[in-house]
Amino acid sequence: SMIGAGIKPNATLIVDRAIETKSGDVVIARIGDEMCVKELFIDEEGKILLVPKNDNYKAIEITEDMDFEIWGKVVCSINKH
């Protein structure tokens, strides 16, 4: 979950697929068959990391051989009450 980003479990996410994503954005990314919500981090050398807001999880470094796609930028989350 992305509680550190204010996204609670079972929240409904609104994703904009037309926005150009940049470092620091919360994105929905696809790695293989798995979708995940992570913060996008791109360093000066162009290395891409997907960083969780939960300290229990490690950042994922994206390498050229991975089946990887940024699906869109999370622009809003709606939490059920």
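Residues numbered from 1 in each chain as written. Predicted model: local features only at pLDDT ≥ 70, side-chain atom pairs only at ≥ 80, totals over all residues. Heavy atoms only, no water.

Here we come to the packing of aromatic side chains. Applying the stated criterion across every chain yields a total of zero aromatic pairs. Taking NZ or CZ as reference, Arg17 lies 3.8 Å from the ring centre of Trp71, over its face. (Phe/Tyr/Trp six-rings, centres within 6.5 Å; stacked < 30°, edge-to-face > 60°. Lys NZ or Arg CZ within 6 Å of the ring centre and 35° of its normal.)

Time to look at the sheet that holds strand 6 (residues 68-78). Taken together, the six strands give an open sheet; going across it, the order is 1-6-2-3-4-5, and neighbouring strands pair in antiparallel fashion. Each of the sheet's edge strands pairs with one partner strand only, and the pair in question is strand 1 (12-16) and strand 5 (60-62). Neighbour to neighbour, the strand axes of the sheet diverge by 45 degrees on average, direction disregarded. Two strands pair when backbone bridges link them, and strand 4 (residues 48-51) and strand 5 are joined in this way by three bridges, in the antiparallel orientation. Residue Leu49 lies in a different strand from strand 5, and its bridge partner there is Glu61. (Pairing = 2+ DSSP bridges. Helix = DSSP H or I, 4+ residues; strand = E, 2+ residues; numbered from the N terminus. Axes fitted to C-alpha atoms, helices over the stretch in contact; angles between N-to-C directions.)

Looking now at the pattern of salt bridges. Evaluated as defined, the whole model comprises six salt bridges. Among the salt bridges present, the one from Glu69 reaches Arg17, with a minimum N-O distance of 4.0 Å. Of the two residues, Glu69 sits in strand 6 while Arg17 sits in the loop between strand 1 and strand 2 (26-31), which places them 52 residues apart along the sequence. For Glu69, a relative accessible area of 29% corresponds to the partly exposed category. Overlapping salt bridges bring together Arg17, Arg30, Asp67 and Glu69 as one network. (Salt bridge = Lys/Arg side-chain N within 4 Å of Asp/Glu carboxyl O. Buried < 20%, exposed > 50% of the residue type's maximum accessible area, 1.4 Å probe, protein only.)

These values are about where atoms sit, not about what they do.
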